[in-house]
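Read off the chains here:
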Amino acid sequence: MLVLLILHLVAALSAPLLVRWWGPRACYPLALAPAAAFCWAVARTPAVSHGGAVVETYPWIRQLGLDIALRLTTLSWLMTLLIGGIGALVLVYCARYFAAGSTGLAQFAGVLVAFAGAMLVLVFADDLLLLYVGWELTTIFSYLLIGHSTERRSSRWAAAHALTVTTLGGLAMLVGFIMLGEHAGSYRWSEIAAQPLPGGGYLVTAVLLILTGALSKSAVLPFSTWLPAAMAAPTPVSAYLHAAAMVKAGVYLIGLLAPVLATVGPWRPVVQVAGLATMLFGGWAALRQTDLKLLLAYGTVSQLGLLVTVTGAGTPDAALAGTAMLLSHALFKAALFLVVGVIDHSAGTRDLRQLSGLRHWSRPLFVVAVLAAASMAGLPPLVGFVAKEAVFAAFTDQPVILAGLVAGTVLTVAYSARFLWGAFADRPGVEPVQAGRVAGSLLVPPAVLAGASLLAGPAASVLDGLLRPYADLLGGVHAHLALWSGPSPALGLTVLALAGGGLLFALRGPLAPVLARTHSPITGSQGYEWIVGRFDRMAIEVTGATQRGSLPQYLGIILVVLVLLPGGAMLAAGPWHARIPLWDSALQPVVVVVIAVAAVLAVGARRRLTAMLLVGMTGYGIALLFVLHGAPDLALTQFLVETATIAVFVLVLRRLPERFSARPLRRSRWARRAIGVAAGVVAAGLALVAAGARRAPEISAAFPDLAVAQGYGRNVVNVTLVDIRAWDTMGELSVLVVAATGVASLVFERSRGGPRPRRPGSDSRATRTGRPVWLRGGPTLHEERRSIVLEVVIRLIFHTVVLFSLFLLFSGHNAPGGGFAGGLVAGLALVVRYLAGGRYELAEAAPVGAGTVLGAGLAVSVGTGVVALLAGGSVLESAKVDQSLPLIGDTHLVTSLFFDVGVYLVVIGLVLDVLRSLGAEVDRHIEATGTATGGLAVDKGDRA
């Protein structure tokens, strides 16, 4: 199973390249991935046909007890057949449906294959949390597929609509999964199902939350609005997602959980009321549609209501009928969507009022549509008849539900006939459609699906044996799937439904005014827009009331809450028994006094630069405390971070007034001082209380030994960053990349990856005088902004500083340093190059985009973890390579060094991005607006 998932991942990643080579024909080789899943499921039929299971388990996050637990049973086997088989046919269909050079085809093909893989994750998962991962992946991929035509507003709106509804349902379901897993003591569904669950309101709440997610995914009322809107997607997407795969996810989840949770109080009322209401609503709405695709969409909504009602009933006979209906619906509805795609592709319209004579245009297509529509209506000998009769037989002892099912089936028969009449009938007064011959690759996929519907009906006894193990989970099964079961109430109801549906279709003319009048006062889309609009308005009101644009106000509220809540809890938890040594060295109180004085003076400073320097003194004081505590690594990092922060402040202060405003008034200044002191006291107290409240041994006590034994280094701090806690560092790197992107997006008016600033050539000072130039960017500066001493010093020390940064990088595993410190040193070297020579000098010093450096660093770090996994270890696991090299001797290389190289590059990229956004780009803004620069370098090339 894991191999199948990897195969889909590889196929999805290779799709853009294949489409670039072969165009739409690339869909043929991409279809091999879902076809492999289909063939694999066929080969596993003997293993699951008698109630067995195929199980695979792989370690994933051991600290959380979370494994990649995969399990194939009868229900997931059936879903795998549908996901793989129909997915392969849809990709074959796409090869001819899309024209060569279609916009976004590479992304479309890759996302469609990735969606198939995500569906397999969902149905294979035995762990509820892994199931949720697959669930949300399908949500994301469906958003991309529905919104494929990005140039159309309707596509973007429909994609956002589907994403909003299904994501909200998914979040509710996640809460339900967590509650259920904690309640049962396990997140493995196979383990939960094997033991009795404690009842009570807690379990009822969990069930309701899970059902919310399932009903939203399967477009069951009140979440049905997104599915008709999703018809803005290309037809192959509708045939796969909205007939065979995505909308079946909620039905699958209900079927998976029903053997255990169907007896929980609200389960049956919720699924049966919502399911029947959806079936009737969707069927009635389908009769009012003039767009063939919308007709099928509302028919899908109706059929999903039927599936939810049957699979959620929690009885053995209903379970058997539900799986048969699941199979038949996927076959006939996917075929019908593909037929509509052929009609739209060839005739240029889906409006049944403009279609006439299509049955003469393509007889094979007409036959395919008749077979699929007949299965949807429940006509023998198709599998839809077998499934529908089994449904009626399963509910003969529940007359209210049975009446609703029969009424819904009458509507199904009527809109099935309406589809065939609207698509293929000769319509008086309408010019017959003239179109070319249907391509074989467009006709074969729906023909295969319709043929499967035809063959599966006579093979009902075979289906009965294959699907019965799932029904046996709920008890003894009395019903059988059969094409002919003899005279029975179910057969009579089937005949009644067919006759009623035929009569309803025959009276379509007289009933047209009734259909036109009997509709909801607002459409589903209007209701969705109204709800979203109200939330938007509420967000605006709340934001307007709380976000006044005052940073001191925001910080003051945050700090007051900190003082009142955690501070109050700390006081309530007293007394405390922690012993507090005042100092370990006589120099420590001296440094503390300097920090305190600098902090107090910073509060009263009137000049921004003065305040910034005083705040910097507090940071350098903290670094001195690290030195006095014997932590040179932390001290080095703190010194470098503080220096880089001061440089960033200097760049920002150029665009701010020299002095702070006259406000705040004297009284408010004292109030702010009081809040600051209180917050400081509370923060210090919380740190002491937390340290004194420890009961278990410190986990860091084992780090020194782990650093040597597993990280192969003596610098515990650096080994912790790149090995022991490498996952944390990976997350911090991602945050740095996002932060750099955010800074750039706020400052840049154009692409930050654009051309480098072009240095003037003919009028440069070097050209005019012929003298050597210390810095290439120096001649572009105005004379009053130049400092020859600074330029000479920078020219002398720059390369030495860069070499020193590399030394810190390579020595950091056993001595103070590492990738973070080395990257900061290299970044500071770029800072001084910019300060000495301006933005042209920065471009000379770093002739590469910041985004490229950031991406390369993140890729190197991630790649290190992947390589370790491929080598048979755990992600980001370190290994030592001992080599004896000529002239050098014995060398010891630790693989975590490459991870540290990634950290080094990310830090350099971050500094470079800050310099190019807050430095070079702000320079350009200043020159464009004529604003004073605050004393920093100004380029005269652009001013000219």
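Parameters and conventions
Residues numbered from 1 in each chain as written. Predicted model: local features only at pLDDT ≥ 70, side-chain atom pairs only at ≥ 80, totals over all residues. Heavy atoms only, no water. Helix = DSSP H or I, 4+ residues; strand = E, 2+ residues; numbered from the N terminus. Buried < 20%, exposed > 50% of the residue type's maximum accessible area, 1.4 Å probe, protein only. Salt bridge = Lys/Arg side-chain N within 4 Å of Asp/Glu carboxyl O. Expected span 1.5 Å × (residues − 1). Arc of directions from axis to C-beta. Polar contact = N/O pair within 3.5 Å; in protein donor to acceptor, adjacent residues only side chain to side chain. Contact = heavy atoms within 4.5 Å. pLDDT = per-residue confidence, 0-100. Pairing = 2+ DSSP bridges. 1 Å grid on protein atoms, 1.4 Å probe; cavity = no way out; pocket = protein on both sides within 12 Å on 5 of 7 lines; lining within 4 Å. Points joined across faces, edges and corners; volume = space filled by probe spheres on them. Nonpolar A, V, L, I, M, F, W, Y, C, P; charged D, E, K, R; others polar. Phe/Tyr/Trp six-rings, centres within 6.5 Å; stacked < 30°, edge-to-face > 60°. Lys NZ or Arg CZ within 6 Å of the ring centre and 35° of its normal. Axes fitted to C-alpha atoms, helices over the stretch in contact; angles between N-to-C directions. Parallel < 35°, antiparallel > 145°, perpendicular 65-115°, else oblique.

When helices and strands are tallied, the chain shows 39 helices and four strands. For the chain, buried positions account for 49% of its 944 residues.

Moving on, we come to the pattern of salt bridges. Going through the model one piece at a time under the given rule, you end up with nine salt bridges. As a salt-bridge pair, D464 and R468 come within 2.9 Å of each other at their nearest N and O atoms. On the criterion of helical spacing, the pair formed by D464 and R468 is a turn pair, its members being four residues apart in helix α22 (residues 460-472). Overlapping salt bridges, with partners in common, bring together D291, D344 and R350 in one network.

All right, on to helix α23 (residues 489-506) then. Given a rise of 1.5 Å per residue, 18 residues ought to cover 26 Å, and the 25 Å separating the end C-alpha atoms of α23 matches this to within 8%. Regarding α23, the residues found buried are A490, L491, L493, T494, A497, G501, L504 and F505. Relative to the axis of α23, the buried residues are bounded by an arc of 160 degrees and lie together on one face. Looking at α23, the residues exposed on the side facing more than 90 degrees away from the buried face are P489, L496, L503 and A506.

The next subject is the side chain of D464. Overall, the relative accessible area of 8% leaves D464 in the buried class. For D464, the side chain forms a polar contact with the side chain of R468, separated by 2.9 Å. If we skip the residues at most four places from it in the chain, D464 touches L320, A479, H480 and L481.

Turning our attention to the confidence of the model for the chain. This prediction gives the chain a mean pLDDT of 83; 89% of its residues lie at or above 70. Looking at the elements of the chain, mean pLDDT is at its lowest for helix α39 (residues 940-943), recorded as 37, and at its highest for helix α3 (residues 32-43), recorded as 93. The low-confidence segment residues 761-768, where pLDDT is below 50, has 12 contacts with residues more than four positions distant or belonging to other chains. Low pLDDT, under 50, characterises residues 932-944; the predicted model gives this stretch 37 contacts beyond four residues in sequence or across chains.

Burial analysis of strand β2 (residues 66-72) places five of its seven residues in the buried class, the great majority of the element. Looking at chain direction, strand β1 (residues 54-61) and β2 are connected through seven bridges and run antiparallel. Pairing of V54 across the sheet is with L72, part of β2.

Turning our attention to the layout of surface pockets. Empty space among the atoms can be located by rolling a probe the size of a water molecule over them. Considering only enclosed or pocket space, the largest pocket measures out at about 2,100 Å³ in volume. Lining of the largest pocket is provided by 47 residues; of these, P59, W60, W727, L869 and V875 occupy positions nearest its centre. If you list the elements that add at least two residues to the lining of the largest pocket, you get α1 (2-22), β1, α6 (105-124), α7 (128-146), α31 (703-709), α32 (716-724), α33 (726-747) and α37 (850-870). Top element by residues in the lining of the largest pocket is α1. It accounts for seven residues. In terms of residue class, the lining of the largest pocket is built from 33 nonpolar, nine polar and five charged.

Here the structure, examined in full by the defined rule, presents 11 aromatic pairs. Considering the side-chain rings of F115 and Y240, the 5.8 Å spacing of their centres and the 75 degrees angle between planes classify their relative orientation as edge-to-face. With F115 in helix α6 and Y240 in helix α12 (residues 235-241), this residue pair connects regions lying 125 residues apart in the sequence. F115 sits in the buried class, given a relative accessible area of 0%. Residue Y240 is classed as buried on the basis of its relative accessible area of 1%. Aromatic pair F281 and Y298: ring centres 6.4 Å apart, planes at 75 degrees, arrangement edge-to-face. Linking F281 in helix α14 (residues 267-286) with Y298 in helix α15 (residues 292-311), this pair joins segments that are 17 residues apart in sequence. Among the aromatic residues, ring-to-ring pairing joins Y93, Y97, F98 and F108 into one connected group. Lying over the aromatic face of F798, R833 brings its terminal NZ or CZ to 4.4 Å of the ring centre.

One can describe the packing of α1 onto α6 by two numbers: an axis separation of 7 Å at closest approach and a directional angle of 175 degrees. On the basis of their axis angle, the class for α1 and α6 is roughly antiparallel. Residue-level contacts link L4, L5, H8, A11, A12, A15, P16 and V19 of α1 to L105, A106, A109, G110, V113, A114, A116, G117, L120, V121 and F124 of α6. Residues belonging to the contact of α1 with α6 are distributed by class as follows: 16 nonpolar, three polar and no charged.

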